[in-house]
Amino acid sequence: MSTTTVFTVEGMSCGHCERTVTAGLNALPDITDVIADARAGRVTIESAQPVDDELVRAAVARAGFALGDRI
């Protein structure tokens, strides 16, 4: 079973930002796909299990951005 989770992300402004966030999140366990959208200011995460918000927050912070709320 796959789970889709969408969060807002503050600070993404370009394709490089999207790739940085995507790479950071893809390193987390059980993540199967990540779509970062700088224009919309959000990231969509597909995962095998429900994601741990704090792990996602930490990965986004390591990439240099701030994770907002779930959408």
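Below is a summary of the structure that appears in this document.

Parameters and conventions
Residues numbered from 1 in each chain as written. Predicted model: local features only at pLDDT ≥ 70, side-chain atom pairs only at ≥ 80, totals over all residues. Heavy atoms only, no water. Pairing = 2+ DSSP bridges. Helix = DSSP H or I, 4+ residues; strand = E, 2+ residues; numbered from the N terminus. Axes fitted to C-alpha atoms, helices over the stretch in contact; angles between N-to-C directions. Contact = heavy atoms within 4.5 Å. Buried < 20%, exposed > 50% of the residue type's maximum accessible area, 1.4 Å probe, protein only. Polar contact = N/O pair within 3.5 Å; in protein donor to acceptor, adjacent residues only side chain to side chain.

1. Some words on the sheet that holds strand E1 (residues 3–10)
With respect to topology, 4 strands assemble into an open sheet ordered E2-E3-E1-E4, the strand pairing being antiparallel. Every interior strand has two partners, whereas the edge strands, strand E2 (31–37) and strand E4 (66–70), have only one. When strand polarity is set aside, the average angle formed by the axes of neighbouring strands in this sheet is 30°. Pairing geometry for E1 and strand E3 (residues 42–47), over 6 bridges, is antiparallel. Residue pairing for E3: Phe7 is matched across the bridge by Val43. Each of E2 and E3 is contacted by helix H1 (residues 15–26), which is oriented at about 160° to E2, the strand it contacts most. Strand contacts of helix H2 (residues 53–62): E1, E3 and E4, with the helix running at about 150° to E4, the strand carrying the most contacts.

2. Considerations on the side chain of Ser47
Within the element layout of this structure, Ser47 appears in strand E3. On the basis of relative accessible area, Ser47 is assigned to the buried category, the value being 1%. Here Gln49 takes part through its backbone oxygen, which lies 2.5 Å from a polar atom of the side chain of Ser47. Each residue touching Ser47, except ones within four places of it in the same chain, is listed here: Met1, Ser2, Thr3, Asp30, Ile31 and Thr32.

3. A short note on the pairing of E1
As paired elements, E1 and E4 share 3 bridges and run antiparallel to each other. Residue pairing in the sheet places Glu10 in a bridge with Ala66 of E4.

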